[in-house]
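Observations on chain architecture
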Amino acid sequence: MNEIEKIGNQTLSPLGRVGEGLLSIKNLKAEIEGKKILNGINLEVKAGEVHAIMGPNGAGKSTLSAVLAGRADYDVTEGSVTLDGKDLLDMSAEDRAREGVFLAFQYPIEIPGVSTTNFLKTAVNEKRKYQGLEPMEATDFLKLMRQKMEFVEMDKSLTSRSLNEGFSGGEKKRNEIFQMAMLEPKLSILDETDSGLDIDALRLVSEGVNKLRSKDNAYIVITHYQRLLDYIVPDFVHVLYKGRIVKSGDASLAKELELKGYDWIKAEVEASM
Amino acid sequence: MSENQEVDIIDEVISQDYKYGFSTDIEMETAPMGLSEEIVRFISAKKNEPEWLLEWRLKAYRYWLTLKEPTWQNFSYPKVNYQDIIFYAAPKQKITLDSLDQVDPELLKTFEKLGISLTEQKRLTGVAVDAVFDSVSIATTFKDQLKEKGVIFCAISEAVHEHPELVRKYLGSVVPATDNYYAALNSAVFSDGSFVYIPKGVRCPMELSTYFRINAENTGQFERTLIIADDNSYVSYLEGCTAPMRDENQLHAAVVELVTHNHAEIKYSTVQNWYPGDKEGKGGIYNFVTKRGICEGSHSKISWTQVETGSAITWKYPSCILKGDYSTGEFFSVAVTNNHQLADTGTKMVHIGKHTKSRIVSKGISAGKSHNTYRGLVKVNKKAEKSRNHTQCDSMLIGDRSGAHTFPYIEVNNNTSQVEHEASTSKIGEDQLFYCNQRGIGTEEAIGLIVNGFCKEVLNQLPMEFAVEAQKLLAVSLEGSVG
């Protein structure tokens with residue numbers, strides 16, 4: 001386990017690698033209603049990489065994804081986050097999305113009466129507007145939809161139904177991946193995408209993600225369990241505990257956690273404090 | 001989202017400007033302020049009306065004097081002083097026009113600005129328009145094409161002269177002058193509005209539409225619309241309305257009467273966007289309207305669709321009297337209130353004939369400090385055997401200072417009929433907004449999207465040409481509100 005190192009508060013890219021980062025999180029601290037949740041996160045993510053973030057309940061995993069995506073309930077008290085060198089924290093949630101941040105929700109939201117098609121058309125055109133482009137022609141848009149649907153093996157009937165309404169757990173998660181395919185983000189954050197999925201759905205969702213992986217985009221995969229990482233194999237695994245990344249390593253760290261649980265890490269952290 | 005942020009965004013909505021708030025500077029001829037028998041005679045004389053109609057008006061006026069303003073509504077408002085209202089205002093020009101060349105260019109420009117083109121080349125294809133400016137009809141398009149099919153579409157003041165037998169037969173036959181306070185007032189002072197007659201067996205070849213514009217200060221608009229669909233005929237009719245921004249409240253008390261004979265159908269759609277008042281609730285239109293249709297013949301159908309986004313107060317219940325056996329009544333409604341707007345709206349479905357059917361879909365959306373009330377009556381008479389009603393009544397709240405209220409009345413007098421009522425209340429959730437934001441959709445667009453989704457069933461009922469407009473209107477009326 002020589003690759004596992006404790007990073008603590010130091011500002012280092014994982015495993016000490018250097019290079020142009022896509023996402024750079026420095027000493028990020030955030031709280032909600034006065035309760036401190038993130039206590040100095042440091043993380044560098046380069047294009048083409050997949051980072052898994054694991055950790056026990058209450059470690060701050062979902063908070064990290066919410067803060068990155070710009071959810072307003074959280075107050076960032078310290079630190080910085082940049083995407084391609086641009087200050088992310090300064091942007092509204094919608095601008096972050098238009099800049100290429102995508103969050104696959106743990107619990108995708110239902111919007112009655114709005115079809116996935118209509119929703120995505122709005123989203124795609126809002127992004128284009130932001131980029132100074134004309135709205136997409138309806139026929140081009142539908143063609144793109146068909147292409148991406150095939151690509152992620154999404155059931156056609158889902159796109160005409162109200163967004164996520166009455167979808168099964170698996171359908172909702174696949175719809176998230178489909179949206180990801182449509183919006184072509186630079187950075188995708190998968191927030192416990194494996195939760196509530198049976199093994200077949202998990203495989204389908206993972207295959208979708210793997211197909212979308214490229215040298216130009218990056219993934220942060222937040223998960224409680226190792227099993228997702230059997231399908232989406234990460235380049236790096238980080239353990240989040242008490243609002244900090246307390247351990248980083250490669251895919252084998254996830255396997256070790258699966259075997260030994262989190263207690264040994266907790267003990268290690270407590271001992272060093 | 002913290003409470004402060006929420007309030008900020010709601011404030012943003014509230015400062016949203018009313019797009020149609022401009023006024024037209026044009027020379028007007030008006031009646032002296034206030035209401036009296038002289039004024040009623042003045043209006044009748046202006047229109048060169050036959051004696052019977054003057055008598056009808058005077059009878060209504062005298063009856064109105066004996067009435068008190070109703071007080072059962074679910075809102076309060078400062079008393080209307082009827083002596084402070086001008087009951088007749090017309091642009092100075094010949095009332096009957098041979099061609100549009102004679103219309104004051106200012107008026108054409110006004111309607112142009114409202115997106116209603118009366119000039120030949122820019123007409124909305126497939127839609128005939130009657131444009132009513134304050135108390136008079138300015139122009140009706142496509143009249144000749146309609147005439148070929150025997151369809152009559154003209155200003156009611158013109159119909160009084162051209163088709164007196166029809167007007168006399170049907171005027172007040174659905175909403176009698178004695179029906180209620182505002183109907184009596186309207187019957188006494190109504191100035192213009194549209195008249196439609198579809199002859200037997202004719203399917204009206206285009207959408208008919210009336211556009212109402214209040215312009216003059218201190219005036220009320222009291223239009224009267226009468227639509228008759230004879231046996232086996234069909235017509236789709238749409239009305240739209242706007243008014244300038246003025247500090248005082250202006251009264252709009254219209255009466256609409258619909259009659260369908262055997263196997264005939266009328267589809268009546270309204271997109272109501274009267275000036276709603278400013279964010280403190282100052283100014284705006286009082287929209288106190290009586291709309292009722294009677295399915296006189298068997299297998300006939302009346303369908304009301306309304307999108308109500310304007311007015312300081314909306315108080316109306318487009319209703320159906322289902323007299324013919326196997327007749328059908330429908331009511332599809334979207335009512336949006338924001339800031340200090342108040343809406344008390346719904347429908348009455350009165351089942352008289354056997355095997356009659358009615359369907360009610362009401363969507364109320366309340367934002368700001370507004371209140372939105374659904375009030376409906378489903379009444380099934382003893383002889384209306386095997387009748388059916390289905391009512392669905394959904395409310396959506398935006399922010400935490402608005403209110404939604406529902407008063408359904410159901411009265412069933414036989415045991416072979418079926419009445420169903422479904423209701424729901426929801427809020428635009430922070431989660432829904434964040435989900436949209438996270439996909440790059442800004443909060444204002446997101447609200448538009450969510451609200452349009454909520455109203456989809458109703459919007460789908462609108463004629464295509466207007467559905468898109470209505471969708472945009474919904475988004476604009478709610479821009480920036482948050483839950």
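The structure this text deals with has already been given above.
Here goes a summary of the coordinates provided. Since this is a predicted model, take the numbers as computed values, not measurements. (Residues numbered from 1 in each chain as written. Chains lettered and ligands numbered in written order. Predicted model: local features only at pLDDT ≥ 70, side-chain atom pairs only at ≥ 80, totals over all residues. Heavy atoms only, no water.)

1. Examining the interface of chain B and chain A
- Taken together, the 21 residues of chain B in the interface contact 31 residues of chain A.
- Carbon and sulfur atoms make up 61% of the area that chain B and chain A hide from each other, which totals about 2,200 Å².
- It is Phe 434, Tyr 435 and Arg 439 of chain B in chain B that bury the most area against chain A; as a group they hold 34% of the surface buried on that side.
- Taken together, the links from chain B to chain A amount to three salt bridges.
- Where chain B meets chain A, there are 12 residue pairs in polar contact (both at pLDDT 80 or more).
- Those elements that place two or more of their residues in the side of chain B that touches chain A are helix 9 (430–438) and helix 10 (443–459) of chain B.
- Among the elements that take part in the side of chain B that touches chain A, helix 9 of chain B stands out by supplying eight residues, more than any other.
- Residues of the side of chain B that touches chain A, tallied by class, amount to eight nonpolar, eight polar and five charged. (Contact = heavy atoms within 4.5 Å. Buried area = accessible area lost by both parts, 1.4 Å probe. Salt bridge = Lys/Arg side-chain N within 4 Å of Asp/Glu carboxyl O. Polar contact = N/O pair within 3.5 Å; in protein donor to acceptor, adjacent residues only side chain to side chain. Helix = DSSP H or I, 4+ residues; strand = E, 2+ residues; numbered from the N terminus. Nonpolar A, V, L, I, M, F, W, Y, C, P; charged D, E, K, R; others polar.)

2. Some words on empty space enclosed by the protein
- Across all of its chains, the model carries five cavities of 30 Å³ or more by this definition.
- The computed volume of the largest cavity comes to approximately 90 Å³.
- Of all the elements in the fold, those that place two or more residues in the lining of the largest cavity are strand 17 (328–337), strand 19 (357–366), strand 20 (371–380), strand 21 (388–397) and strand 22 (403–412) of chain B.
- Its residues assigned to classes, the lining of the largest cavity shows three nonpolar, nine polar and two charged.
- By volume, the second largest cavity is sized at about 60 Å³.
- Contributing to the lining of the second largest cavity are Ala 97, Gly 100, Val 101, Phe 102, Ala 123, Lys 127, Leu 183 and Pro 185 of chain A together with Gln 438 and Arg 439 of chain B.
- When contributions to the lining of the second largest cavity are tallied by element, the ones reaching two or more residues are strand 6 (101–104) and helix 3 (116–130) of chain A.
- Counted by class, the lining of the second largest cavity contains six nonpolar, two polar and two charged residues. (1 Å grid on protein atoms, 1.4 Å probe; cavity = no way out; pocket = protein on both sides within 12 Å on 5 of 7 lines; lining within 4 Å. Points joined across faces, edges and corners; volume = space filled by probe spheres on them.)

On their own, these measurements won't tell you what the molecule is for.
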